[in-house]
Amino acid sequence: MSVISSNVNIDKYLSLNKYDVDNNHPHIVLTSDPDDEEFDKLVRVCPAALYKRRDNGLKSFDYSGCLECGTCRVVCGDTILEKWEYPRSGMGVEYRYG
Ligand code: SF4
């Protein structure tokens, strides 16, 4: 098995974005007790690393840094995502370049 490595510092690029978080209306909601295997898929695929597993196995998710890419919806929209929609108008990510 080959290992893919990268020298790209994703945090540097993510930090360029601006987020207007809609604290009263989360645009992504997980089911109350998400299946472990399904959740771990999202840990691997979310480009913003918003799905996390702690050493003790606890799961956490924070929609505030969402890039609105829809990857989690495609992968687990029918399993552990109770809700996925774009943030309300004017809210969410604002991409900045350079
Ligand atoms: S839409 Fe994209 S960035 Fe947002 S939580 Fe899902 S996978 Fe992560």
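> Explain the overall build of the chain residue by residue, including any values.
Regarding its fold elements, the chain presents three helices and six strands. Mapped in sequence order, the helices and strands of the chain form the string α-β-β-α-β-β-α-β-β. Its C-alpha atoms give the chain principal-axis dimensions of roughly 35 × 35 × 25 Å. Counting all 98 residues of the chain, 29% fall into the buried class. Counted over contacts in the chain with a minimum sequence separation of 6, partners at least 24 positions apart contribute 68%. Of the roughly 7200 Å² of accessible surface on the chain, 48% is carried by carbon and sulfur atoms. Taking the 12 positively charged and 16 negatively charged side chains of the chain as two groups, their mean positions are separated by 5 Å.

> Hey, could you go over a nonpolar patch on the surface for me, with residue numbers and the actual values?
A cluster of nonpolar side chains, Val8, Ile10, Tyr13 and Leu16, forms an exposed patch at the surface whose accessible area comes to about 360 Å². For isoleucine 10, the position within the fold is in helix α1 (residues 10–14).

> Could you give me a rundown of the side chain of histidine 27, with the residues and numbers involved?
With respect to the element layout, histidine 27 can be found in the loop between β1 (18–20) and β2 (28–30). Residue class for histidine 27 comes out buried when judged on its relative accessible area of 5%. Discounting residues that sit within four places of it in the chain, histidine 27 has contacts with Tyr63, Cys66, Glu68, Lys83, Trp84, Glu85, Tyr86 and Pro87.

> Before we move on, could you go through unusual backbone geometry and cite the residues and values that matter?
If you check the backbone angles, alanine 49 has positive phi at about 55° while not being a glycine. Even without being glycine, glutamate 68 reaches a positive phi, approximately 60°. A residue is classified by how much of its surface remains accessible, and glutamate 68, at 19% relative accessible area, is buried.

> Go over the packing of aromatic side chains with me, naming the residues and quoting the values.
As enumerated under the stated definition, the model contains three aromatic pairs in all. Ring pairing ties together the aromatic residues Phe39, Tyr51 and Phe61, which thus form one cluster.

Procedures and definitions
Residues numbered from 1 in each chain as written. Predicted model: local features only at pLDDT ≥ 70, side-chain atom pairs only at ≥ 80, totals over all residues. Heavy atoms only, no water. Helix = DSSP H or I, 4+ residues; strand = E, 2+ residues; numbered from the N terminus. Buried < 20%, exposed > 50% of the residue type's maximum accessible area, 1.4 Å probe, protein only. Contact = heavy atoms within 4.5 Å. Areas by Shrake-Rupley, 256 points an atom, 1.4 Å probe, with all protein chains shown as cover. Lys, Arg positive; Asp, Glu negative; His and termini not counted. Charge placed at Lys NZ, Arg CZ, Asp CG, Glu CD. Patch = residues over 30% accessible without salt bridge, like charges linked within 9 Å, V, L, I, M, F, W, Y side chains within 5 Å. Salt bridge = Lys/Arg side-chain N within 4 Å of Asp/Glu carboxyl O. Phe/Tyr/Trp six-rings, centres within 6.5 Å; stacked < 30°, edge-to-face > 60°.

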